[in-house]
Amino acid sequence: MSGPQCCSNPPIIKTSCGSDCAEKFGGLNVYVTGSPNSKHAILLISDVFGYGAPNLRKLAGRVATSGFYVVVPDFFYGDAFVYDNNRPLAVWLKDHGTDKGFEDAKSVIDALIRQGFSAIGAAGFCWGAKVVTELAKSEFIQAAVLLHPSFISVDDIEGVKSPIAVLGAETDNYSPPELVKEFEEILNAKPEVDSYVKIFPKVAHGWAVRYDVDDEAAAKSAEEAHNDMLQWFAKHVK
């Protein structure tokens, strides 16, 4: 289930970690920002383009200003997807499965817990949303947010145990509105799991992190999704 929509509008990647980057966290290279004195942490799990995407790091900074310690790991070990014809996405995915991402995410969460963080939330974009869903199924996190998710099935949503928000796009081959509405129906039938589902009009897969900052409408839609995400974390990661 891989195609051009997943790889449209690739970001210009920052190759260095930046001034807020710790070399290792839970065995992974990470970009971190926010106060380590906070007891509440947020894990941001990228799409296939990796943790160096400028819009993702900008979002990490915004989440940090809300009082969270933010960790953005390099789940691809320096091998984020590059959109060219030499290595199709389907081939790349064989080397970077979400199952390995799930195991790595658990290691990062364990490291956060050892450092004294008492509540942890996670947001995933495209590829990362599948990893976050697995975390929510196993209750490793206090809250989950999925933004333009990929590779998620109805069975996955039926297994979710942590509070979850699903933010979908009107145009999305990976999680089309019809599937997102199925997710909503399943979650509505699980009153024990707090949930929120929203389909954003006039946007396509990837809009939350691969938007053009000079496109006012695109930036506004992304900001709306970011606000929804922050509200969900404020409600549950405390």
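To start, this report covers the structure provided alongside it. (Residues numbered from 1 in each chain as written. Predicted model: local features only at pLDDT ≥ 70, side-chain atom pairs only at ≥ 80, totals over all residues. Heavy atoms only, no water.)

## Describing the pairing of strand β5 (residues 143–147)
This is how the line gets drawn: Only protein chains enter the area calculation, which uses a 1.4 Å probe; residues under 20% of their type maximum are buried, those over 50% are exposed, and those in between are partly exposed. Helix and strand assignments follow DSSP, with helices taken as H or I runs no shorter than four residues and strands as E runs no shorter than two, numbered in order from the N terminus. Each pair of strands is called paired provided DSSP finds at least two bridges between the two strands. Crossover handedness is defined here as right-handed if the route from the first strand over the helix to the second strand goes clockwise, with the strands pointing away from the viewer.
Taken across its five residues, β5 has five buried, putting it largely inside the fold. On β5, burial covers both faces: A143, V145 and L147 on one face and A144 and L146 on the other are all buried. Two elements, strand β4 (residues 119–125) and β5, share five bridges in a ladder whose sense is parallel. Considered in β5, the bridge of A122 is made with A144. Viewed along the sheet, the connection from β4 through helix α4 (residues 127–137) into β5 turns out right-handed. Across four bridges, β5 lies against strand β6 (residues 164–171) in parallel orientation.

## Details of the pattern of salt bridges
Heads up, the rule is: For salt bridges, the criterion is a side-chain nitrogen of Lys or Arg within 4 Å of an Asp or Glu carboxyl oxygen.
All chains considered together, the criterion is met by 13 salt bridges. In this structure, K130 engages E134 in a salt bridge whose closest nitrogen and oxygen atoms are separated by 3.2 Å. With K130 and E134 both in helix α4 and four residues apart, the pair spans about one turn of that helix. E134 carries the same exposure label as K130, and that label is buried. Among the ionic pairs, K190 bridges to E192, the shortest N-O distance being 3.9 Å. On the basis of relative accessible area, K190 is assigned to the buried category, the value being 13%. Using a relative accessible area of 60% as the deciding quantity, one classes E192 as exposed.

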